[in-house]
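# Coordinates in review
In case you want the letters, here they are:
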Amino acid sequence: MGFIFLMNGGILDNPPDVVLFFGRFHPVVVHLPIGFLIMAILAQLATRWPKFKPLELYLPLMWLMGAFSALLAVIFGYFLSLSGGYDEDTLFWHQWGGITVMLLSFGCYFINKKSSDSLTIPKWISVVIVGLLLMFTGHMGGNLTHGSTYLLEYAPNPIRNIAGLPSKVEPRKKVTVLDSADVFLDLVLPMMQTKCVSCHNEGKNKGGLLLTSYGNMILGGESENTIIPGDALKSELVRRITLPTEHDDFMPSEGKLPLTDPEVLMIKWWIKIGAPSDGFVTELDTEKAVSSLVSNYLGLDKNNLFNKKVPPPNRSIVDSLIRHGFVINPLMKDNYFLEANFSLSEYDLEASDLDVLLELKEQLVWLNLGNSDLKDANLEKIGLLQNLVKLDLRGNEITDNGIKHLSKLENLESLNLYGTKVSKGIVDLVPKLTRLKKIYLWQSEVSKETITQLEEQNPGLTVIFERD
Amino acid sequence: MSHHHNTKPRVISRREMLGLSAGGFGSLALMSLFGTIPLGCKRPGSLESASNLYLGPHYLPKAKNVIFLYMDGGVSQVDSFDPKPRLAKENGEDPRKKFKVDATQFDNVGKILKSPWDFKQYGECGMPVSDLFPHIATCVDDIALIRSMVSNFPEHTNANYFLHTGSGLQGRPSMGAWMNYGLGSENKNIPGYVVLDGGLVPPGGLDNFKNGFLPASYQASVFKAGPEPVANINPREGIKSLQEEKLQFIKQLDNSLIGKIGEADAVESAISNYELAYKMQSSIPELTEFKEETEATKKLYGMDSDDPNLRGYASQCILARRLIERGVRFVELTCPNVGPGVDRWDQHSNLKKGHEKNAHAVDQPIAGLLKDLKSRGLLEETLVVWTGEFGRTPFAQGSDGRDHNPSAFSMWMAGAGVKGGTIFGKTDEYGYRVIENEVTVHDLHATIMHLLGIDHKQLTFRFGGRDMRLTDVHGNVVKDILT
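We now turn to the structure provided with this report.

On to the overall build of chain A, then. In terms of regular secondary structure, chain A is built from 20 helices and seven strands. Every one of the 468 residues in chain A was classed for burial, and the buried ones make up 32%.

With that settled, the discussion passes to the nonpolar core. Ranked by size, the top nonpolar core spans 110 residues in total, and within it Leu-69, Ala-320, Val-331, Leu-383 and Trp-412 of chain B carry the most contacts. Looking at this core, the element that brings in the most residues is helix H10 (residues 308-325) of chain B, giving nine residues. Those residues in contact with Ala-320 of chain B, other than ones at most four positions away along the chain, are Ile-67, Leu-196, Val-331, Leu-333 and Leu-369 of chain B. Of all hydrophobic cores here, the second largest spans 47 residues; its members include Leu-331, Leu-338, Leu-374 and Leu-429 of chain A.

Right, let's get into the sheet that holds strand E7 (residues 462-464) of chain A. Residues and elements named next belong to chain A. Across the sheet, seven strands lie side by side as E1-E2-E3-E4-E5-E6-E7; this open sheet has mixed pairing. The sheet terminates laterally at strand E1 (327-330) and E7, the two strands that pair on one side only. With strand direction ignored, the average angle separating the axes of adjacent strands in the sheet is 10 degrees. Sheet analysis places strand E5 (residues 414-416) next to strand E6 (residues 438-440), joined by three bridges and oriented parallel. Looking at the pairing, Asn-416 lines up with Tyr-440 of E6.

Moving on to helix H6 (residues 88-114) of chain A. Two residues of an α-helix separated by three or four positions point the same way, owing to the 3.6 residues in each turn. All names here are of chain A. A rise of 1.5 Å per residue sets the reference length of H6, with its 27 residues, at 39 Å; its end C-alpha atoms lie 39 Å apart and thus fit the reference within 8%. For H6, every residue scored as buried is listed here: His-94, Gly-97, Gly-98, Val-101, Met-102, Leu-104, Ser-105, Cys-108, Tyr-109, Ile-111 and Asn-112. Considering only its buried residues, H6 is in contact with helix H4 (31-46), helix H5 (59-81) and helix H7 (120-146). At the exit of H6 stands Ser-115, carrying a positive phi of roughly 45 degrees.

Time to look at the packing of H10 of chain B against helix H11 (residues 351-375) of chain B. Residues and elements named next belong to chain B. Running from amino to carboxyl end, H10 crosses H11 at an angle of 25 degrees, the nearest separation of the two axes being 8 Å. In terms of orientation, H10 lies roughly parallel with respect to H11. The handedness of the crossing between H10 and H11 is right-handed. Residues Asn-309, Leu-310, Tyr-313, Ala-314, Cys-317, Ala-320 and Arg-321 of H10 form the contact with H11, whose own contacting residues are His-360, Ala-361, Val-362, Gln-364, Pro-365, Ile-366, Gly-368, Leu-369, Asp-372 and Leu-373. Looking at side-chain class alone, the contact of H10 with H11 contains eleven nonpolar, four polar and two charged residues.

Rules used throughout
Residues numbered from 1 in each chain as written. Chains lettered and ligands numbered in written order. Predicted model: local features only at pLDDT ≥ 70, side-chain atom pairs only at ≥ 80, totals over all residues. Helix = DSSP H or I, 4+ residues; strand = E, 2+ residues; numbered from the N terminus. Buried ≥ 20, exposed ≤ 12 C-beta atoms within 10 Å, placed from the backbone. Core = buried A, V, L, I, M, F, W, Y, C linked by C-beta atoms within 7 Å. Contact = placed C-beta atoms within 7 Å. Pairing = 2+ DSSP bridges. Axes fitted to C-alpha atoms, helices over the stretch in contact; angles between N-to-C directions. Expected span 1.5 Å × (residues − 1). Parallel < 35°, antiparallel > 145°, perpendicular 65-115°, else oblique. Left-handed = near helix turned anticlockwise from the far one by under 90°. Nonpolar A, V, L, I, M, F, W, Y, C, P; charged D, E, K, R; others polar.

Encoded structure:
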């Protein structure tokens, strides 16, 4: 009885190690009563058939083994509970379920020992209750150890729904076209999941902030201005992610990977338009402020040029170019896309060479005409090479007059104008090159102001204009 | 099998000999398939090569060239790119009480040794870099760092062969040779695989840079530092026509030898080497005199430094850039000899002094190289690889050194197709072993090849009855660090 007193009194706030040592054996010991008692219940049921009547002789022994092992499990279980950290409600039901099972098992032992007919009804009631309680208590124990969602985590949805659990979350399908990108599910939530939820989740909600769902985000954390729809700059979340990285308040903290510039821009934009819970990016972004960023973020700006098959190039054209000093390289095995490089040539570039080059306009995707003494007039022909993805014009005396011919190169992703004489004209050209990702302008005549303008007008573009 | 290599003229003709020795037929046919692609050839039959399984990339490449910054001796990861605060907390304690200590080369396991250098976070990505590399630290947003490299070998020679050739044993083709074999060279006047000798030949010697069973023309050409980077680069003949006639005569003799004994890699490679050597006499002086380089550029690399080792490495880095500008496929830089008393990055003792001297010599030039490549648009098509052959122990060897550690080291890549500002892989709290996303040397090779558009499983060469690969039967591309 002293044991019960201990249990109710809960005086062991600071249990000694030896108690916890035995406590940890609870999961080991607990399976003994489960086995014994199930065996006893089955044997008890079996004795109703004459064939198994002789088992009656062993029933008291079985119940006694079950009862004593249950007692041991209850003691160890109590010890384990002292280590704390268990969900209180579940623990209560598990504990008292276990104690009841133990007491009823002793009861069954005495009833069977007496084997008086007058006790038939209480006997069967006890047996059934022990069986049901055993399952209930065991399940509570499982919930304590593995969490309440463990058992049915992989259950089919109808079963989950019966148990009151929501249907399993299907991983969201990767967006393949910009028009189907959802502002929250495809942009904001994935950013939170990769950069923020490792600290702001249900188990570890730092600063009282949960970033696992839309509702929780809007609810905010300890500071009540986490997200102020329509005002990005007043929103604490934006302030935290845009501080200097060494600032104490900077998020993510502890040297975790910060949000990238495009990510910050997209978050700001999302809050500015009112932090909607859903909606298509293309419909919300009426000013086309972030569409190209989003498309880049979701990897949708991959050029589909390479998906089409091009015919093999004309052999004599290639030979002729090689004779004039071009290096022509195939770029892949299963298609005929080519690279042409004149920058290593010992010959002078002739205007007629570019006419020949035009014959390869379907195949040519990379072109290097660096340091080739190219003139503005030559660029007219280059501008017709519509499949160019990479164009290197460094070190040529070309100007704004020349590069305006390049405006139709809609596949162009990289343009090298380092060491050329281009200047302001670049601002007119770049917006027309819709796929452009990188532009090199070091040692050109583009001014600092123009660079700033270029960067502001084309947020997804990398502009490389200086060396340090 | 090998009579066709015999240089004595024989009575029987080549065809007769082929007919007689059926066994020799296969290998001769292979020679003609692979051996006749001369080095530095502009690959005139590019279209033909496109249909040739062995030339040109398999898929659209990201990188065209590789600059391999080899950190000879093994840089300590916990003192460079993998900070471990726990070492400071437990400095001076017995490592054997903390974790299982593997056998080390010198079996002189000392106490846990904290890093003598502080780490700071740099760039937008916040990558921590130690005070050893203040210049490289300014480039972290272009760098993808792998902290989970492992090697199969705890000793320099084998580890070097492994890193360079994918096998710990001597004699396999070097990765530079494989890449030239796979892609060819763009410049007919300069070899496609150049090693810039900074003063230290890595343990294992020149076999790190050889062609192995690949045709001899794919082996590295080693350029020395100094006024004559390549031996005999200045013609000995005063009159140009004299030299031309002499070469013409040698070629005639060689060709007649081929006529007599059949095609042979050694003779053909000799012919193409003569041709290349002649061309190099005009191309190399232009290349190695930095006449067009501005003072600002030289300063960026550190050519104005007081440290002669730094100046030397700076000029190697400038030369590396000039080589890849000229279409050279693979350039490797070996380390300067910063001695006396300091043996490469291999600080078995006196870690602080040794690592500091080495780092000082290479830090600014490497940062200069990255910045220079980037501003010129070259970083977009050049892969820069920085690595040693293994790492070092988090505990001391003796009192102030660190021994070899193949179970974890850090390396980085920058440039073409690499996601800048990434940190991949994780070591334990001591930086002793990899605990997450292990990357093997085979994986590294597979990734470098992938960036060059080569499927490492498809670039093969039949030798000894087997289709050989740089990655043997291993290698997975490390996709997480790619754009």
